[in-house]
Amino acid sequence: MASIQLNSDNTIELRGLRNAVTGQAVTTATVTAVITYNGVNVSGITWPITLSHVSNGLYRANIPNEVNLVTGREYKALVVADAGADAHWEKCVTLSAIC
C-alpha cells in the first residue's frame with residue numbers, strides 16, 4: 001500500500017508507460033488521476049488532475065495540500081492513461097493517509 005502525506009503537497013507518478021507492441025515509451029498520452037474515499041471524490045480540489053509527461057513515459061502531477069484527508073483512512077487513487085490506439089491503461093492504488 002502506498003501512502004499520502006497529510007498537510008503537505010504530494011506527487012503522483014505513472015512510470016514507464018509503453019506501447020505493448022513496440023516497447024516504445026508513450027509520450028503523448030492524456031493521463032489523469034482522481035483520489036476517492038468510499039467511492040466519492042475527496043474534497044479540496046477539482047478532480048481529475050492531469051499528469052504531465054516528464055520524460056520517457058514518465059508522467060507526474062502535484063497533489064496540493066488543500067486535499068482534505070484524514071489520518072488513518074484508506075483512499076483510492078485511480079490513474080487513467082489514454083493514448084488512443086497506442087494505449088489505454090487504468091490502475092487503482094490504495095493509499096493510506098499518514099501524518
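Keep in mind the model is a prediction, meaning the values are calculated, not measured.

Here's the deal with the nonpolar core
With 27 residues, the main nonpolar core has I12 and I35 as its most contacted residues. Dropping the residues within four chain positions of it, I35 is found in contact with I4, V40, N41, V42, W47, I63, Y75, K76, A77 and L95.

Quick look at the environment of A2
Tracing the backbone through its elements, the reader meets A2 in strand β1 (residues 2–5). The exposure class of A2 is partly exposed, given its relative accessible area of 31%. Once the C-alpha coordinates of A2 and N19 are considered, the two residues, 17 residues apart in sequence, prove to be 26 Å apart. In contact with A2, not counting residues within four places along its chain, are V93, T94, L95 and S96.

Here we look at the environment of N10
Examined against the element boundaries, N10 turns out to sit in strand β2 (residues 10–14). Owing to a relative accessible area of 14%, N10 belongs among the buried residues under this scheme. Between the C-alpha atoms of N10 and H53, which are 43 residues apart in sequence, the distance is 17 Å. A polar contact of 3.0 Å, which involves the side chain of N10, links it to the backbone oxygen of S8.

Here is what the cut-offs are and how they apply
Residues numbered from 1 in each chain as written. Predicted model: local features only at pLDDT ≥ 70, side-chain atom pairs only at ≥ 80, totals over all residues. Heavy atoms only, no water. Core = buried A, V, L, I, M, F, W, Y, C linked by side-chain atoms within 4.5 Å. Buried < 20%, exposed > 50% of the residue type's maximum accessible area, 1.4 Å probe, protein only. Contact = heavy atoms within 4.5 Å. Helix = DSSP H or I, 4+ residues; strand = E, 2+ residues; numbered from the N terminus. Polar contact = N/O pair within 3.5 Å; in protein donor to acceptor, adjacent residues only side chain to side chain.

All we've got here are geometric facts, nothing functional implied.
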